[in-house]
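Now for the letters of each chain:
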Amino acid sequence: MSLPSSYTRWVSDFFSYETTKSVVVKSWVVGVVNRGVQLLILAYFVGWVFLHEKAYQVRDTAIESSVVTKVKGVGRYAGQVMDTADYVTPPQGTSVFVVVTKQIRTEDQAQGVCPEVRGGRGRVPGMLTGRCVPYNATLRTCEIQGWCPPERHPLSSSPVMLEAENFTLLIKNSIRFPLFGFEKTNLPAPGSGVELGRCRFHPQLQPLCPILRLGDVARLAGQDFPALGGVLGIKIGWVCDLDRAWELCLPRYSFTRLDSLARTPAPGYNFRHARYYRWPDGSERRTLIKAFGIRFDVLVYGSAGKFGIVPTLINTGDSGLAPRGSGGGTVLCDIILLNFLKGAEHYKARKFEEVRHGAGVTSLSLPPHAGGCTPPQ
Ligand SMILES: *[C@@H]1O[C@H](CO)[C@@H](O)[C@H](O)[C@H]1NC(C)=O
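Since the model is a prediction, treat every value here as computed from it, not as a measurement.

Cut-off values and rules
Residues numbered from 1 in each chain as written. Predicted model: local features only at pLDDT ≥ 70, side-chain atom pairs only at ≥ 80, totals over all residues. Heavy atoms only, no water. Disulfide = S-S within 2.5 Å. Helix = DSSP H or I, 4+ residues; strand = E, 2+ residues; numbered from the N terminus. Near = heavy atom within 4 Å. Areas by Shrake-Rupley, 256 points an atom, 1.4 Å probe, with all protein chains shown as cover. Polar contact = N/O pair within 3.5 Å; in protein donor to acceptor, adjacent residues only side chain to side chain. Buried < 20%, exposed > 50% of the residue type's maximum accessible area, 1.4 Å probe, protein only. UniProt positions renumbered as here; feature names shortened; annotations may be inferred. Contact = heavy atoms within 4.5 Å. Salt bridge = Lys/Arg side-chain N within 4 Å of Asp/Glu carboxyl O. Phe/Tyr/Trp six-rings, centres within 6.5 Å; stacked < 30°, edge-to-face > 60°. Expected span 1.5 Å × (residues − 1). Core = buried A, V, L, I, M, F, W, Y, C linked by side-chain atoms within 4.5 Å.

Participant: Explain the state of the cysteines to me, using residue names and the numbers behind them.
Facilitator: This model, assessed by the stated rule, comprises three disulfides. In this model Cys114 forms its disulfide with Cys148; the gap between the sulfur atoms is 1.9 Å. Across the S-S bond linking Cys114 and Cys148, the dihedral sits near -75°, which makes this disulfide left-handed. Placement of Cys114 in strand E7 (residues 96-115) and of Cys148 in strand E9 (residues 140-148) is noted, with a sequence separation of 34 residues between them.

Participant: Describe in detail the site of the ligand, supporting the description with residues and values.
Facilitator: Residues in close proximity to the ligand include Leu162, Glu165 and Asn166, which together make up its full environment. Contact with the protein chains hides 34% of the accessible area of the ligand, taken as 360 Å² for the molecule alone.

Participant: Provide a residue-level description of the side chain of Glu151, including the pertinent values.
Facilitator: Tracing the backbone shows Glu151 in the loop between E9 and strand E10 (168-177). One polar contact links Glu151 to Arg272, side chain to side chain, over a distance of 2.8 Å.

Participant: Describe the environment of Pro203, listing the residues and the values that go with them.
Facilitator: Inspection of the secondary structure assignment puts Pro203 in the loop between strand E11 (182-185) and strand E12 (211-213). Classification of Pro203 as partly exposed rests on a relative accessible area of 35%. For the pair Pro203 and Tyr253, spaced 50 residues apart in sequence, the C-alpha separation works out to 8.0 Å.

Participant: Describe the UniProt feature "binding site: ATP" (unreviewed entry) in the protein chain, listing the residues and the values that go with them.
Facilitator: The UniProt feature table records "binding site: ATP" (unreviewed entry) at Lys70, Val71, Lys72, Thr168, Asn270, Phe271, Arg272 and Lys290. One can find Lys70 in strand E3 (residues 64-72). With residues up to four places along the chain from it excluded, the contact list for Lys70 reads Thr168, Leu169 and Leu170. Relative to the helices and strands, Asn270 resides in strand E15 (residues 270-278). Of the residues examined, Asn270 reaches a relative accessible area of 35% and is grouped as partly exposed. In contact with Asn270, not counting residues within four places along its chain, are Lys290, Ala291 and Phe292.

Participant: Before we move on, could you go through the pattern of salt bridges and cite the residues and values that matter?
Facilitator: Side-chain pairs of opposite charge can arise where the charged atoms are in close proximity. As enumerated under the stated definition, the model contains 13 salt bridges in all. A salt bridge links Arg105 to Glu107; the nearest nitrogen and oxygen atoms lie 3.4 Å apart. On the basis of relative accessibility, which here comes to 38%, the residue Arg105 falls in the partly exposed class. Its relative accessible area of 42% is what places Glu107 among the partly exposed residues.

Participant: Just give me the short version of the packing of aromatic side chains, but keep the residues and values in it.
Facilitator: A full pass over the atoms with the stated rule returns eleven aromatic pairs. Aromatic side chains Tyr87 and Phe167 sit 4.5 Å apart centroid to centroid with 20° between the ring planes, which places their arrangement in the stacked category. Residue Tyr87 is located in helix H3 (residues 84-87), and its partner Phe167 is located in the loop between E9 and E10; the two are separated by 80 residues in the primary sequence. Assessed through its relative accessible area of 0%, Tyr87 is described here as buried.

Participant: Lay out helix H2 (residues 28-52) in plain terms, naming residues and giving numbers.
Facilitator: If you check H2, its first and last C-alpha atoms are 33 Å apart, about what 25 residues at 1.5 Å a residue would give, namely 36 Å. Its side-chain oxygen 3.4 Å from the backbone nitrogen of Val29, Ser27 forms the N-cap of H2. Of the residues trailing H2, Lys54 is marked for its positive phi of about 50°.

Participant: Pulling in residues and values, what's your account of the nonpolar core?
Facilitator: Ranked by internal contacts, the top residues of the largest apolar core, which has 41 residues, are Tyr87, Val99, Phe167, Ile171, Ile234, Phe255 and Phe296. Here this core gets six residues from one element, more than from any other, and that element is strand E16 (residues 284-307). In contact with Phe255, not counting residues within four places along its chain, are Phe201, Leu212, Val217, Leu220, Ala221, Gly233 and Ile234. Val49, Phe50, Ala55 and Tyr56 belong to the second-largest nonpolar core, a separate cluster that totals five residues.

Participant: So what's going on with unusual backbone geometry? Which residues, and what values?
Facilitator: Residue Pro90 is reached from Thr89 by a cis peptide bond, and omega for that bond is -10°. When you line up the elements, Pro90 lands in the loop between strand E6 (88-89) and E7. A positive phi angle is found at Lys54, which is not glycine, with a value near 50°. Its place among the elements puts Lys54 in the loop between H2 and strand E2 (57-60). Positive phi is not limited to glycine here, since Ala78 has a value of about 50°. Taking relative accessible area as the criterion, Ala78 reaches 68% and is therefore assigned exposed.

As C-alpha cells, this is what we get:
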C-alpha cells in the first residue's frame, strides 16, 4: 500500500457527511400522539415563554434612579406653628426623610456636673463622677458630668402634631435604563390630563399623580396614622416593555410598612439631635431634641425589555421549534443534501424510509439510533 493512495482515502473519508436515517411511520396512533405532543410544546413556548415571559427581549434590570422629595404643610405643636423647616429632617429632600410629629425638648443645656435623673431607662447621659448628690429634698442620686440639666421624660405622653396627616409629599423621580439609553420621569407630561400642583395621588383615580397626602400613604400601607411612629416604604416600580410606545412606560406606586411591628422591644421611631448657641456671657448652650416621627423611604425598582435578535434565536433553538438534536451545521447540510445536490431524490428516498403500519415491518432492519417520534422537519 503506497502512502499517497492511503492518504487520499483518508482525505475522502474525512470529507464525508453522516446523517441520521429516518423511518417515516404512517400510523394514526403514533402520528396523532406525535403531533399532539409537538402542538403542546409549541403552544407552551409560543404562549408562555415568548408572549407571556417575553423571551424574545433583551432585559435591563440595572435601573438608575434619582429621587427628590418635598413636604408641604403647616401644623401646630406645643403652642407653635411648625413649617417644613421645623419638622422635616434632613432638609435636603432626600429619598429617606423623617417627618417629626412629636418632640421632647431639653432647653439650655450646658457642660457641667449635675445629679442624674431617676427613672431613666438605664441610660446615663454623661460620665459618672463617683459622688452622690441630693437630687431633691428626699432623694440622693449619682452625680454626672456632661450636658446639664439631663433630659427628662414627661410623665404624660405629649400630643403629636395631628396636622401631619394632611401634609403633602411631592416625589420627583428620574430613571434611566442605561442599556437602552431610555430616560423618563414620574412627573406627568403636560397635556397628559394630570395637573401637577392640583392633583392628589389616588390608587385608582389618580395613580400617576406624584403628590401624596401623608395620611393616604399610611392608610395605603395599612397603618393608622396618629398612632404611627415607624418606617413607611413608598415603592415606585418601572416595569417597561420598550417595544411599545414611550408613553406606556409608567411608574406604579405601592406602599408598605418597612419596620416590622412584631413585638419589637422598642416600637416606633425616634432619634436625638441638638441645636447649639451661645449665651451673652459666652457660654455654649444647646437645646436637645428627642424627635419622634415617621420615616419615609422612597424605593425605586424596575426592569425594561426590548426585542433582541440574540435572545430570540437562543430561545427559538431551546424551544423545540428547531429539529431536535440538530446543530446549525446539520440543518444546513441536510438542506443542501436533500434539495440541491445531484440525485437529491435518491438521497431523500434513502434518508426517509416509509413504513406503513402493520406492513412489511419484519423485513426492515431499523438502524439502532432511529428511535423517537420525530418525523422529518
Ligand atoms: C385634614 O384636612 C381635612 C380637610 O381639609 C380636615 O377636615 C381635617 O380636620 C384635617 N385633619 C387634621 C388632623 O387637621
